[in-house]
Amino acid sequence: MKRGKTTADPAPPATLFLFGAHGDLVKRLLMPAIYNLARDGLLDPHLHIVGVDHNPVGDAEFAERLKAFIVEQVRAKHPEQADTAIDPAVWGPLAERIGYVTGDFTDDETYQTIARKLQANGTGNAVFYLATSPRFFTEVSQRLNRAGLLYEQPQAYRRVVVEKPFGSDLATAQELNRQLLEVMDERQIYRIDHYLGKETVQNIMVNRFSNGIFEAFWNNHYIDHVQITAAETVGVETRGNFYDQIGALRDMVPNHLFQLLAMVAMEPPAAFGADAVRGEKAKVIGAIRPWSTEEALANSVRAQYRAGEQGMPGYREEQRVDPQSQTETYVALKVMIDNWRWMGVPFYLRTGKRLSVRDTEIAICFKPAPYAQFRDTNVDYIKPNFLHIQIQPDEGMWFDLQAKRPGPALVVDNVKLGFAYKDFFQMQPSTGYETLLYDCFTGDQTLFQRADNIENGWRAVQPFLDAWASNAQVEEYPAGTDGPAGADELLARDGRAWHSLG
Ligand code: BG6
């Protein structure tokens with residue numbers, strides 16, 4: 001994020017090494033994001049991109065494959081735009097700077113070739129992006145270090161981007177942090193959570209801290225509870241093998257959902273700098289109450305989708321999923337934050353695959369009006385006010401308010417007071433990775449997770465993992481619906497209900 005200016009300058013020259021160059025992440029998200037940055041004039045003319053992977057391909061062929069994939073993706077969504085998906089004036093100069101290193105991640109020779117490439121590119125700055133399976137995170141970092149590639153000098157920064165999953169529980173995340181920090185400094189590590197690349201997520205901080213009105217009611221005096229939802233219509237697609245090992249809780253909660261929670265619940269940072277912002281996030285996630293085993297079981301629901309209507313397969317029928325799998329594809333949780341601002345305000349979180357609609361949003365429910373002066377009228381029930389922060393799709397924000405329906409009788413209706421991004425801003429197509437890559441090139445770690453952010457997230461979900469380890473029950477929900485009945489009961493027990501999806 002560029003501060004103090006309305007436009008951003010091109011990032012300084014560097015070489016971006018993409019480990020796992022043939023993987024989906026590079027093709028689907030990183031390369032389109034690099035193209036978009038180039039289109040917007042945000043890359044230095046000397047930014048080089050080098051794929052690293054074991055399949056042997058030449059530089060030009062690698063560049064061609066990336067281009068073909070970008071076009072293919074655009075064609076899949078907007079066939080009419082496929083011919084104009086790539087502007088030759090943008091792609092031409094970029095393609096000339098795309099290279100490739102064929103090599104095994106576990107072979108020191110690969111790193112010697114990388115060192116030679118880096119030297120030939122004439123800039124000392126390097127970003128090593130680990131778009132690999134997590135089992136390589138430590139090994140690649142150690143080998144980069146052994147080859148002297150993590151040694152920084154003036155005009156030669158060395159940064160390592162680590163994708164999720166960052167560990168699979170508290171102990172493994174701590175160990176991974178320890179191993180990485182043995183070979184580099186915290187300021188060289190960029191732990192990605194792609195939710196932080198979403199404009200709507202970044203905007204939560206701006207909305208809260210640049211509009212004085214919110215602070216007045218942003219606390220347990222006025223807020224009854226908070227609901228955080230990440231509902232997906234997709235199933236596990238081709239990732240059955242990976243997903244079946246981890247499930248919905250690990251996949252979405254300590255990272256994406258806690259980032260949303262932190263944006264809503266953190267204290268105002270003293271400055272808009274990486275350490276101040278990440279310090280506040282670490283504090284609020286660190287303040288999530290650790291549940292006992294019984295509490296963790298009572299405050300969580302895990303469920304798996306079964307076959308739904310219109311031939312939607314059940315999770316256990318998906319490719320590369322164990323037909324007896326007990327892995328959850330849906331989770332709902334209740335967490336409490338033990339600090340002055342949030343004491344007594346439950347945060348309910350839910351996320352699942354193959355639900356009825358795609359809907360990522362935060363809904364803040366306010367306490368009811370203190371006195372119901374309409375009680376002797378037709379108005380016998382007044383709904384609570386919600387503030388909806390819609391992350392995706394249809395990005396925007398609105399309050400649900402009650403208003404009098406015009407006419408002689410007193411009838412109260414729901415109305416919306418809000419804004420939609422599309423009404424105010426022209427947004428260029430983006431993948432969400434543009435800001436994150438740009439920030440990495442310019443050395444801004446605000447939107448990346450610090451070691452303590454990651455560990456606090458795992459510490460907060462560990463009680464659920466531990467409780468489930470000895471009680472593997474998983475509820476069912478039909479694919480294409482709003483989720484399991486248990487999730488409704490979780491809130492009903494507290495006299496509350498989820499807002500409807502979508
Ligand atoms: C990824 C998860 O991190 O986030 C996926 O591994 C999930 O399972 C995805 O589908 C959701 O991201 P988004 O941006 O589509 O909400």
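My aim in this report is to walk through the structure given alongside it, one point at a time. (Residues numbered from 1 in each chain as written. Predicted model: local features only at pLDDT ≥ 70, side-chain atom pairs only at ≥ 80, totals over all residues. Heavy atoms only, no water.)

Attention now goes to the environment of Gln-188. Within the secondary structure layout, Gln-188 lies in the loop between helix H6 (170-183) and strand S6 (189-191). Owing to a relative accessible area of 5%, Gln-188 belongs among the buried residues under this scheme. Sequence separation between Gln-188 and Arg-158 is 30 residues; the distance between their C-alpha atoms is 6.5 Å. Those residues in contact with Gln-188 that lie beyond four places of it in its chain are Leu-150, Glu-152, Arg-158, Arg-159, Val-160 and Gln-445. (Helix = DSSP H or I, 4+ residues; strand = E, 2+ residues; numbered from the N terminus. Buried < 20%, exposed > 50% of the residue type's maximum accessible area, 1.4 Å probe, protein only. Contact = heavy atoms within 4.5 Å.)

This next bit is on the site of the ligand. Taken together, Lys-164, His-194, Tyr-195, Lys-198, Glu-232, Arg-239, Asp-251, Met-252, His-256, Lys-353, Arg-358 and Gln-392 form the complete shell of residues around the ligand. With the chains in place, 82% of the 400 Å² that the ligand exposes on its own is no longer accessible. In terms of residue count, helix H9 (residues 240-265) provides more of the shell around the ligand than any other element does, 3 residues in total. Counted by class, the shell around the ligand contains 2 nonpolar, 3 polar and 7 charged residues. (Near = heavy atom within 4 Å. Areas by Shrake-Rupley, 256 points an atom, 1.4 Å probe, with all protein chains shown as cover. Nonpolar A, V, L, I, M, F, W, Y, C, P; charged D, E, K, R; others polar.)

Turning our attention to helix H13 (residues 433-442). Among the 10 residues of H13, 9 are classified as buried, and the element is accordingly described as predominantly covered. Phi turns positive one or two residues past the end of H13, at Gly-443, with a value near 80 degrees.

This next bit is on the packing of aromatic side chains. Evaluated as defined, the whole model comprises 23 aromatic pairs. Seen from their ring centres, Phe-214 and Phe-217 are 6.0 Å apart, and the 80 degrees between their planes marks the pair as edge-to-face. Placement of the pair is Phe-214 and Phe-217 together in helix H8 (residues 212-217), with a separation of 3 residues, close to one helical turn. Taking relative accessible area as the criterion, Phe-214 reaches 8% and is therefore assigned buried. Feature note: the residues Phe-214, Phe-217, Trp-218, Phe-366 and Phe-399 constitute an aromatic cluster, connected by ring pairs. If you follow Lys-416 out to its NZ or CZ, it ends over the ring of Trp-398, 4.4 Å from the centre. (Phe/Tyr/Trp six-rings, centres within 6.5 Å; stacked < 30°, edge-to-face > 60°. Lys NZ or Arg CZ within 6 Å of the ring centre and 35° of its normal.)

Let us now look at the packing of helix H1 (residues 24-39) against helix H2 (residues 59-77). At a closest axis distance of 10 Å, the pairing of H1 and H2 adopts a crossing angle of 95 degrees. Judged by the angle between their axes, H1 and H2 are roughly perpendicular. On H2, the residues that touch Val-26, Lys-27, Arg-28, Met-31, Pro-32 and Tyr-35 of H1 are Leu-66, Phe-69, Ile-70 and Gln-73. The residue makeup of the contact of H1 with H2, split by class, is 7 nonpolar, 1 polar and 2 charged. (Axes fitted to C-alpha atoms, helices over the stretch in contact; angles between N-to-C directions. Parallel < 35°, antiparallel > 145°, perpendicular 65-115°, else oblique.)

Take the side chain of Lys-281 next. Tracing the backbone shows Lys-281 in helix H10 (residues 274-286). It is Asp-193 that comes nearest to the buried, bridge-free Lys-281 among opposite-charge side chains, at 8.1 Å. (Lys, Arg positive; Asp, Glu negative; His and termini not counted. Salt bridge = Lys/Arg side-chain N within 4 Å of Asp/Glu carboxyl O.)

Let us now look at the environment of Glu-215. Turning to its location among the elements, Glu-215 is positioned in helix H8. When its relative accessible area of 33% is taken as the criterion, Glu-215 is described as partly exposed. If sequence neighbours within four positions are ignored, Glu-215 has contacts with Arg-208 and Arg-341.

When a protein is soluble and globular, its nonpolar side chains tend to lie buried together. Within the largest apolar cluster, 149 residues are counted, with the highest numbers of intra-cluster contacts made by Phe-19, Phe-128, Tyr-129, Phe-347, Leu-349, Ile-362 and Ile-364. Ranked by residues supplied to this core, first place goes to H9 with 13 residues. (Core = buried A, V, L, I, M, F, W, Y, C linked by side-chain atoms within 4.5 Å.)

Of the consecutive residues Lys-164 and Pro-165, the connecting peptide bond is found in the cis state with omega at 0 degrees. Position of Pro-165 relative to the elements: it lies in the loop between strand S5 (158-162) and H6. With omega at -15 degrees, the peptide bond leading from Gln-392 into Pro-393 counts as cis. By the secondary structure assignment, Pro-393 is in the loop between strand S12 (386-392) and strand S13 (396-404). Positive phi outside glycine occurs at Glu-237, with the angle close to 50 degrees. Topologically, Glu-237 is positioned in the loop between strand S7 (223-231) and H9. The backbone of Arg-320 shows a phi angle near 60 degrees, a positive value even though the residue is not glycine. Mapped onto the fold, Arg-320 is located in the loop between strand S8 (300-306) and strand S9 (330-336).

Strand order in the open sheet formed by 9 strands is S14-S13-S12-S11-S7-S10-S9-S8-S15, with mixed pairing between adjacent strands. If you trace the sheet from one side to the other, it starts and ends with strand S14 (412-420) and strand S15 (475-478), each paired once. Adjacent strand axes in the sheet meet at a mean angle of 20 degrees, parallel and antiparallel pairs treated alike. Pairing of S7 with strand S10 (residues 346-352), which is carried by 6 bridges, proceeds in the parallel orientation. Bridge pairing in S10 places Ala-230 opposite Thr-351. Sheet contacts for H9: S7, S9, S10, strand S11 (359-366) and S12; angle to S10, the most-contacted strand, approximately 140 degrees. Those strands touched by helix H15 (residues 485-492) are S7, S8, S9, S10 and S15, and its axis lies near 15 degrees from that of S9. (Pairing = 2+ DSSP bridges.)

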